[in-house]
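# Summary of the model geometry
One letter stands for each residue in the lines below.
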Amino acid sequence: IRPYKADEIIAKQTLREIRCLKLLGAHPNVSKLLGLSINDKKQELYFVMELMETDMHKIISRSEQTLSEAHIKCLMKQLLEGLKA
């Protein structure tokens, strides 16, 4: 991977993540990897993923309402379903 040619460890981790995302692409609890984009000038690699309306950080930290036990159970179930794949 060109942006990481100087750092073999990061290159291997990035390739591993790309492979995992491609394998899990059809899973309903995992964001799909749609493509990759490289900015040669800045030596950066971008993951192009499906648009999500929100993320876990916004749900947990910015919500004025505390998460109920039912919300927590639902989120944990989705996380575990993603790991199960």
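Description of the structure in this document. (Residues numbered from 1 in each chain as written. Predicted model: local features only at pLDDT ≥ 70, side-chain atom pairs only at ≥ 80, totals over all residues. Heavy atoms only, no water.)

For the rest of this paragraph, the subject is helix H1 (residues 8–23). Counted at 1.5 Å a residue, the expected span for H1 with its 16 residues is 22 Å, and the 23 Å between its end C-alpha atoms agrees. Those residues of H1 not exposed but buried are Ala11, Thr14, Ile18 and Leu21. Angular distribution of buried residues about the axis of H1 spans 95°; they occupy a single face of the element. More than 90 degrees from the buried face of H1, the exposed residues found are Glu8, Ile9, Arg16, Arg19 and Leu23. Against the buried residues of H1 lie strand S1 (33–39) and strand S2 (44–49). (Helix = DSSP H or I, 4+ residues; strand = E, 2+ residues; numbered from the N terminus. Expected span 1.5 Å × (residues − 1). Buried < 20%, exposed > 50% of the residue type's maximum accessible area, 1.4 Å probe, protein only. Arc of directions from axis to C-beta. Contact = heavy atoms within 4.5 Å.)

The phi torsion at Gln43 lies on the positive side, around 55°, for a residue other than glycine. Tracing the chain through its elements places Gln43 in the loop between S1 and S2. Given a relative accessible area of 37%, Gln43 falls into the partly exposed group.

Moving on, we get to the pairing of S1. In this structure, S1 lies alongside S2, joined through six bridges in antiparallel fashion. Paired with Ile38 across the bridge in S2 is Leu45. Where S1 folds back on S2, the antiparallel hairpin that results is connected by four residues, among which Gln43 adopts a positive phi of roughly 55°. (Pairing = 2+ DSSP bridges.)

Residues Met56, Ile60, Ile72, Met76, Leu79, Leu80 and Leu83 make up a contiguous nonpolar surface patch of about 680 Å² in total accessible area. Those elements that provide at least two residues to the nonpolar patch are helix H2 (56–61) and helix H3 (69–84). Per-element accounting of the nonpolar patch gives the leading share, five residues, to H3. Within the element layout of this structure, Leu83 appears in helix H3. (Patch = residues over 30% accessible without salt bridge, like charges linked within 9 Å, V, L, I, M, F, W, Y side chains within 5 Å. Areas by Shrake-Rupley, 256 points an atom, 1.4 Å probe, with all protein chains shown as cover. Salt bridge = Lys/Arg side-chain N within 4 Å of Asp/Glu carboxyl O.)

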